[in-house]
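# Coordinate inspection notes
Residue strings, one per chain:
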Amino acid sequence: MPEGDALARFARLVGAALEGRRIAAAEARGPGPVPRVELLVGQAVERVESIGKNLLIHFENGLTLRSHLRMYGTWHVYRPGEPWRRAASRARLVLETRDAVVVNFDAPVVELLETRAVSHHPPIAGLGPDLLGDEFDVGEVVRRFRDPALAGVSIGDAIMDQRVMAGVGNIWKHETLFRCGIYPWRRVRDLSDEQLAAIAETARRLLRAAAGKDAGAKRPRYFVYGKSGRPCARCGTRLLSAPQGNDVRRTVWCPRCQPPLPGDPPPPGRS
């Protein structure tokens, strides 16, 4: 699933093609509800932004396109007449200007909203602090982690709850917990406020570096993500993996750098 840093890069790509330009043609396709994008023809794009894992395109007529890529969606930008790198049958949305063709492939969510209502739209209004936002309230993230409904949830699941903080997906879940030395199955209630704050701050630093938000910051390396069975780059211990939550993917961790503590639940189906 594209994460907050990927959405920030998509926003820059789409924004460079559309901002300040008028839409010459627009087409939306199913599956699912098809937004009335013909209302956008002739309208200028005012701004493109990402919020968490959502990409928003704001138009001068007071309408906004919201998309969510889920697992497989992506954005491409082409010159007029340039061959597409994916099959046209996979296109969910096509926006054309005089100079560019912007295509959304495979996104399950594309909808048209009134711009004034965006902040009240449940998928946006329910988000926690945006890890890539210029303003970020760590204390608010800790407060949201302390929701009683999350007390017995593993931190490996809770860290990806977009209602706690927006932007973390599977990659940065792995890398944040590794850098913080946190065992992924530790329950939220067993972590201190200081540890939860460190998790939020580390996730923010990693995402901002990956998104190119901070000058001079290099894209962070992967220590554990996708490396099950390999030696840990820090201590040489063999990295382990196990399924977690409702995710079909497996969580990878270092049993030495992220050791379980007494009372932590064992991981299911470890390998």
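Reading the values: the criteria
- Residues numbered from 1 in each chain as written.
- Predicted model: local features only at pLDDT ≥ 70, side-chain atom pairs only at ≥ 80, totals over all residues.
- Heavy atoms only, no water.
- Salt bridge = Lys/Arg side-chain N within 4 Å of Asp/Glu carboxyl O.
- Buried < 20%, exposed > 50% of the residue type's maximum accessible area, 1.4 Å probe, protein only.
- Helix = DSSP H or I, 4+ residues; strand = E, 2+ residues; numbered from the N terminus.
- Pairing = 2+ DSSP bridges.
- Axes fitted to C-alpha atoms, helices over the stretch in contact; angles between N-to-C directions.
- Contact = heavy atoms within 4.5 Å.
- Parallel < 35°, antiparallel > 145°, perpendicular 65-115°, else oblique.
- Left-handed = near helix turned anticlockwise from the far one by under 90°.
- pLDDT = per-residue confidence, 0-100.
- Core = buried A, V, L, I, M, F, W, Y, C linked by side-chain atoms within 4.5 Å.
- Phe/Tyr/Trp six-rings, centres within 6.5 Å; stacked < 30°, edge-to-face > 60°.
- Lys NZ or Arg CZ within 6 Å of the ring centre and 35° of its normal.

### Remarks on the pattern of salt bridges
For the structure shown, the criterion picks out 19 salt bridges. In this structure, the salt-bridge partner of Arg 36 is Glu 38, at a minimum N-O distance of 3.1 Å. Residue Glu 38 is classed as partly exposed on the basis of its relative accessible area, which comes to 47%. For Arg 86, the salt bridge is made with Asp 106, and the minimal N-O distance between the two is 2.9 Å. On the criterion of sequence distance, the pair formed by Arg 86 in the loop between strand E5 (74-78) and strand E6 (91-96) and Asp 106 in the loop between strand E7 (101-105) and strand E8 (109-114) is long-range, its members being 20 residues apart. Given the relative accessible area of 23%, Asp 106 is considered partly exposed.

### Overview of the sheet that holds E7
Ordered in space as E1-E6-E7-E5, the 4 strands form an open sheet in which the pairing is antiparallel. With one partner strand each, in any of the chains shown, strand E1 (25-28) and E5 form the two edges of the open sheet. The mean inter-strand angle of the sheet, taken between neighbouring strand axes irrespective of direction, is 15°. Those strands touched by helix H1 (residues 4-18) are E5, E6 and E7, and its axis lies near 30° from that of E5.

### What about the packing of H1 against helix H6 (residues 193-211)?
At a minimum axis separation of 8 Å, H1 and H6 run at an interaxial angle of 30°. Taken together, the axes of H1 and H6 lie roughly parallel to each other. When the axes of H1 and H6 are compared, the crossing they make is right-handed. When H1 is examined against H6, the residues Gly 4, Asp 5, Ala 8, Arg 9 and Arg 12 are found in contact with a partner set consisting of Leu 207, Ala 210 and Ala 211.

### Observations regarding the confidence of the model for the protein
Mean pLDDT for the protein: 94, with 99% of residues reaching 70 or above. Of all helices and strands in the protein, the one with the weakest mean pLDDT is strand E10 (residues 247-253) (85), whereas helix H3 (residues 138-145) scores best (98).

### Quick word on the nonpolar core
In globular proteins that are soluble, nonpolar side chains generally tend to be buried together. Membership of the largest hydrophobic core comes to 30 residues, with the highest contact counts inside it found for Phe 145, Ile 155, Met 165, Leu 196 and Ile 199. Residue assignment for this core shows that the elements contributing at least two residues are H3, helix H4 (155-158), helix H5 (170-180) and H6. Of the residues forming this core, the biggest block, 9 residues, is contributed by H6. Residues within four places of Phe 145 in sequence aside, it is in contact with Leu 150, Ile 155, Ala 158, Ile 159, Val 164, Met 165, Val 188 and Leu 196. Judged by nonpolar contacts, the second largest core, of 25 residues, contains Val 37, Val 45, Leu 93 and Ala 100.

### Quick notes on the packing of aromatic side chains
All told, the structure shown has 8 aromatic pairs when counted by the stated rule. Between the aromatic rings of Trp 172 and Tyr 222, the centroid separation amounts to 5.8 Å while the plane-to-plane angle is 75°, which identifies the pairing as edge-to-face. With Trp 172 in helix H5 and Tyr 222 in the loop between H6 and strand E9 (240-244), this residue pair connects regions lying 50 residues apart in the sequence. Given the relative accessible area of 26%, Tyr 222 is considered partly exposed. Ring plane angle 75° and centroid distance 6.3 Å describe the contact between Tyr 183 and Trp 253, whose orientation is recorded as edge-to-face. One end of the pair, Tyr 183, is in the loop between H5 and H6; the other, Trp 253, is in strand E10, with 70 residues separating them in the sequence. Taken individually, Tyr 183 and Trp 253 each receive the classification buried, so the pair is uniform in this respect. Grouped by ring-pair contacts, the aromatic residues Tyr 78, Trp 84 and Phe 105 constitute a single cluster. Positioned above the aromatic ring of Phe 223 is the side chain of Arg 234, whose terminal nitrogen or guanidinium carbon lies 5.1 Å from the ring centre.

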